[in-house]
Every structure is written in C-alpha cells, then in structure tokens.
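Report on the structure
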Amino acid sequence: INFFFNDAATAEIYTRSLVGSVRCVQETELILKMVEGRIRESLLKYDPPMEAPMDDDVLGGKGTPTKGFSSGMKKKGFLIPMEGKAVNENPLLAVLPPREWVENGVRYLQYPSTAMAEREDMLTLTKELDKKLTERQARDNGICAVREELFSQCFDEIIRQITVDCPQRGFLLHRVREEIKMTISAYQTLYQSAVVFGLRKQVQAQNGIAELEEKLEELKKRKARLATREIDLKKKFEAVEKRNKEKAKFDEEKRTAELDFLKYQENHLSSFLTNYQEQHAPKQPFHTFSLY
C-alpha cells in the first residue's frame, strides 16, 4: 500500500485500518448465514460469480484454506500466509467485501468489480437506480427500507468506482459511510429505547389504573361524607347563630326594660323626696322690725 501514499506514517495508518477491515469482513462472513438461492441483483457492480468449496467457514475447517478457495482469494488480491490469516493486497476488498450464496448445493462467491468507471457507467447507474425505485415501488418520502437499500447499493457503487480510481478517496468515503451507518444505528437505538420506555410506562400506567380507580372511588365517597358533614355543620352554625341573635335581642330588651324601670323609680323617688322635704321642713319665725 506504500505506493498509494507519499507519507510512510499515513500508509501505516491505512494499512492497519485495512487489515482491521479485512478481519471484520471475514468475521462477518463467518457469522452471517449464507443466502439460499440466487441473491437479488444489486446496483453494485460485481465480477462473474465463482464456485467455492462447501466448508463450515471461509478458510476451511481449522483455519487452513482449501485449494479452490485459496486460488480464488489469490485471484482477487489475497495472500495466504502460514498463520492462516488473509492479508489484503486489493484495497477495494477492504471497503466492499465479496458476497456469497448457495444455489443447487453449490456455493458461489462474487467479488466487486475492479473495472474503471466511465461517464456512461454513471448515467447507467442513475437510470438503473430510477428503474429499480419504480419497479420495487419505493416510497418517495418518509421511512422506506427499499429506498434505503437501493441508495445504499448506489453509494457502494460510487465508493467502488472512486476506490478503483483513487484508494485514498475510497477509504475516506468508506469512513463517511460507516459514520453515517453508526449515526443511523444510534438513532435507531435511541428510538427503540424510547419505544420500550413508552411501552413500559404505558404498562405501568395500565397496571396502576385499577388502584387509581379504587382510590378515586374512595376519594369520591370521602368527598360525599365531607359534603354531608359540611351541610350539617352549616345547619348547626345557622341554628346557633339564630339562637345567639334571639338571646342577644332578649337580653337587650330585658336590659332596656330594667333601665326604664330604674329611671322611673329614680324619677318617682326624686319627686317623693322633694315633696317630703317640702312638707317636713322646719318653719322659720317671722320677725317684724320697726323703723322707729
């Protein structure tokens, strides 16, 4: 890979990234189950399929590549060292792994094409994209798995064309694609977590509905009891207030009558005392004086 870069440090970074990508691709190929029957045509341009041995894994039973698969890997730019690990000489395979399927008991491998792209290829890709969108009835707006798949294939084809022409730009586009996938995956995880959280809250709410209804009925009964008690207390208050007003009025009338009686007695005694004093007062002797 050093001949692709002017800087040795940059070449080493890309080499490590390349080896890591190859290992990830191989592990993914080992884990994923092979598709039964011929797979759907893709917008990504592939070479003609080639037969591969029907082993349990890609490199054979215990990590030793079989003869047919070893020759196929060498044709596509893989070197098989003694450790049994595949080292990638073709940068395209680090970006776009091959696809495989089983048809009529025969296992097939198909690698991305290394042919250079021309202007006509881009026009053909655009037409094929529009055609497949129409044939598979992809939605124009909103979330659509078909549209997402087709545009992903189109993006992979663009990455293939650019990687064949310039591996550095291809690696950069590959990083951009992986970052977009990681972002979408993060949003999907966030959405799923939100859905699970909403469902859990809904279940909790439904489980607490009966308890809340019982509490509501109890509160309604308590409210009715308190309303009845309020009415009784109001009646008692009105009765006590009426009784207090009547008592206050009676006391006022009684005090007024007593005051009038006392005033009458005062006037009567005063007049009696005055008459008594006038009748029993001592008479003064009458003295005559002579002028002579």
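**Some points on the overall build of the chain**
When helices and strands are counted, the chain shows 7 helices and 6 strands. Going through the 292 residues of the chain one by one, you find that 23% of them count as buried. Put simply, 62% of the contacts in the chain that link residues at least 6 apart link residues at least 24 apart.

**Re unusual backbone geometry**
Positive phi outside glycine occurs at N104, with the angle close to 55°. You can call N104 exposed: its relative accessible area is 75%.

**Side note on the layout of surface pockets**
Considering only enclosed or pocket space, the second largest pocket measures out at about 400 Å³ in volume. Along the walls of the second largest pocket sit 20 residues, with S42, L43, L44, K45 and Y46 positioned nearest its centre. For the lining of the second largest pocket, the elements supplying multiple residues, two or more each, are β5 (99-103), α4 (119-135) and α5 (145-165). The greatest single-element share of the lining of the second largest pocket, amounting to 5 residues, is contributed by α4.

What counts, and at which threshold
Residues numbered from 1 in each chain as written. Predicted model: local features only at pLDDT ≥ 70, side-chain atom pairs only at ≥ 80, totals over all residues. Heavy atoms only, no water. Helix = DSSP H or I, 4+ residues; strand = E, 2+ residues; numbered from the N terminus. Buried < 20%, exposed > 50% of the residue type's maximum accessible area, 1.4 Å probe, protein only. Contact = heavy atoms within 4.5 Å. 1 Å grid on protein atoms, 1.4 Å probe; cavity = no way out; pocket = protein on both sides within 12 Å on 5 of 7 lines; lining within 4 Å. Points joined across faces, edges and corners; volume = space filled by probe spheres on them.

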